[in-house]
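Take a look at the letters that make up each chain.
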Amino acid sequence: MKTSKESLKIYKKINGLWEENGHKTANTILHEKGLSNFVPSKIDYKLAKLICRQIYKRTLQKKCPFVFENKTGRRHNWRTWSKKNVYNINTDTGWACLTHDFSHWMHHEKYNGSKRPHCAEHAALELRMTKLVIEKLSKLKQEV
Ligand SMILES: [Zn+2]
């Protein structure tokens, strides 16, 4: 997929944020998923749901309509079309993949599918969610 210079700059920033905070980037996990000995990067399902709901509401100014389900394995985080409004969170592929995949959804809904995936607006949404995830995770660390 062709990615604009502007989005590339934002994606670089996103990758930097993940790595600085001890997380794998979405690209790294994508690569690992292709290996025969794929070792999952586990995330907390409850926290993932909470973050998705929160960022959805902030971005679209309406309640998140999804019913979430917890999946594992090598799949994407994805919307189930056969069952209405089910969003499947894969808790084996790390925070960066969830953030990337979920921001695709918010981008799609916000612009009614009128903008290309991986455009600068999409990257900006992903950056915003990345910051929220990192903020939440660091708060949890402090509480322990
Ligand atoms: Zn993408």
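About the criteria used
- As a convention, each chain's residues are numbered from 1 in the sequence order in which they are written.
- Residue-level local features of this predicted model are given only where pLDDT is at least 70; pairs of side-chain atoms are given and counted only at 80 or more, and the full residue set underlies all totals for whole chains, interfaces and linings.
- Comment: elements are numbered from the N terminus, with helices defined as DSSP H or I runs of at least four residues and strands as E runs of at least two.
- Based on C-alpha atoms, the radius of gyration is set beside the globule rule, defined as 2.2 Å times the residue count to the power 0.38.
- The exposure scheme places C-beta atoms from the backbone and then counts, for each residue, the other C-beta atoms within 10 Å of its own, assigning buried at 20 or more, exposed at 12 or fewer, and partly exposed in between.
- Between the first and last residue of a helix there are one fewer steps than residues, each counted as 1.5 Å, and that sum is the expected span.
- Note on contacts: residues are paired as contacts if their backbone-placed C-beta atoms lie within 7 Å.
- Each pair of strands is called paired provided DSSP finds at least two bridges between the two strands.
- Think of each axis as a best-fit line through the C-alpha atoms, taken over the contacting stretch in the case of a helix, with angles from 0 to 180 degrees between the N-to-C directions.
- The predictor attaches a confidence to each residue, and that confidence, scored 0 to 100, is pLDDT.
- Think of a nonpolar core as buried Ala, Val, Leu, Ile, Met, Phe, Trp, Tyr and Cys residues, each tied to the set through C-beta atoms within 7 Å.

Chemist: Could you clarify how one ought to interpret the overall build of the chain in this entry?
Modeler: Looking only at helices and strands, the chain has five helices and three strands in total. Ordering the α and β elements of the chain from the N terminus gives α-α-α-β-β-β-α-α. Computed over C-alpha atoms, the radius of gyration of the chain comes to 15 Å, within 12% of the 15 Å expected from 2.2 N^0.38 for 144 residues, which places it in the range of a compact globule. Counting only C-alpha atoms and orienting by the principal axes, one finds that the chain spans roughly 35 × 35 × 35 Å. Out of the 144 residues in the chain, the part that is buried amounts to 28%.

Chemist: For this particular structure, what's the right way to read helix α3 (residues 45-60)?
Modeler: Since the α-helix packs 3.6 residues into each turn, any two residues three or four apart lie on the same face. When the terminal C-alpha atoms of α3 are compared, their 22 Å separation across 16 residues agrees well with the 22 Å that a helix rising 1.5 Å per residue should span. Against the buried residues of α3 lie β3 (86-90), α4 (94-110) and α5 (120-143). One or two steps after α3, the chain reaches Gln 61, where phi turns positive at roughly 55 degrees.

Chemist: In this structure, what is going on with the environment of Glu 69? I would like to understand it.
Modeler: Looking at the element boundaries, Glu 69 is found in strand β1 (residues 67-71). Residue classification places Glu 69 among the partly exposed residues on the basis of 14 C-beta atoms within 10 Å. Spatially, the C-alpha atoms of Glu 69 and Glu 109 are 20 Å apart, while their sequence positions differ by 40 residues. Not counting residues up to four positions away in its chain, the partners in contact with Glu 69 are Val 86 and Asn 88.

Chemist: Explain the sheet that holds β1 here, please?
Modeler: In any sheet, the strands associate via hydrogen bonds between backbone groups, in a parallel or an antiparallel arrangement. Taken in spatial order, the three strands of this open sheet run β1-β3-β2, and their pairing is mixed. Unpaired on one side and paired on the other, β1 and β2 (78-80) mark the two borders of the sheet. Strand-to-strand twist of the sheet, defined as the mean angle between neighbouring strand axes without regard to direction, takes the value 35 degrees. Direction of pairing for β1 relative to β3: parallel, over a ladder of five bridges. For Lys 71, the partnering residue across the bridge sits in β3 and is Asn 90.

Chemist: What should I look at first to understand the environment of Lys 139 in this one?
Modeler: Along the chain, Lys 139 turns up in helix α5. Sequence separation of Lys 139 and Ser 36 is 103 residues, and the distance between their C-alpha atoms is 35 Å.

Chemist: What am I meant to see in the pairing of β3 here?
Modeler: On a regular strand, one side chain projects to one face of the sheet and the next to the other, so that they alternate. By the bridge criterion, three bridges tie β2 to β3 in an arrangement that is antiparallel. Bridge pairing in β3 places Arg 79 opposite Tyr 87. Taking the residues that link successive antiparallel strands as the turn, the β2-β3 hairpin has five residues, and the phi of Asn 85 there is positive, at about 60 degrees.

Chemist: What exactly am I supposed to notice about the confidence of the model for the chain here?
Modeler: Predicted coordinates in areas of low pLDDT are best not read in detail. When pLDDT is averaged across the chain, the result is 95; 98% of the residues are at 70 or more. Looking over the chain, one finds the lowest element-wise mean pLDDT in β2, namely 92, and the highest in α3, namely 98.

Chemist: Explain the nonpolar core here, please?
Modeler: In a soluble, globular protein the nonpolar side chains are often hidden away together inside. Counting 26 residues, the largest nonpolar core has Ala 48, Cys 52, Ala 96, Leu 98 and Phe 102 as the members making the most contacts within it. Put simply, the parts of the chain that give this core at least two residues each are α1 (5-20), α2 (26-33), α3, β3, α4 and α5. With seven residues, α4 is the largest single contributor of residues to this core. If we ignore the near neighbours within four places in the chain, the residues touching Ala 48 are Ile 43, Ile 89, Thr 91 and Leu 98.

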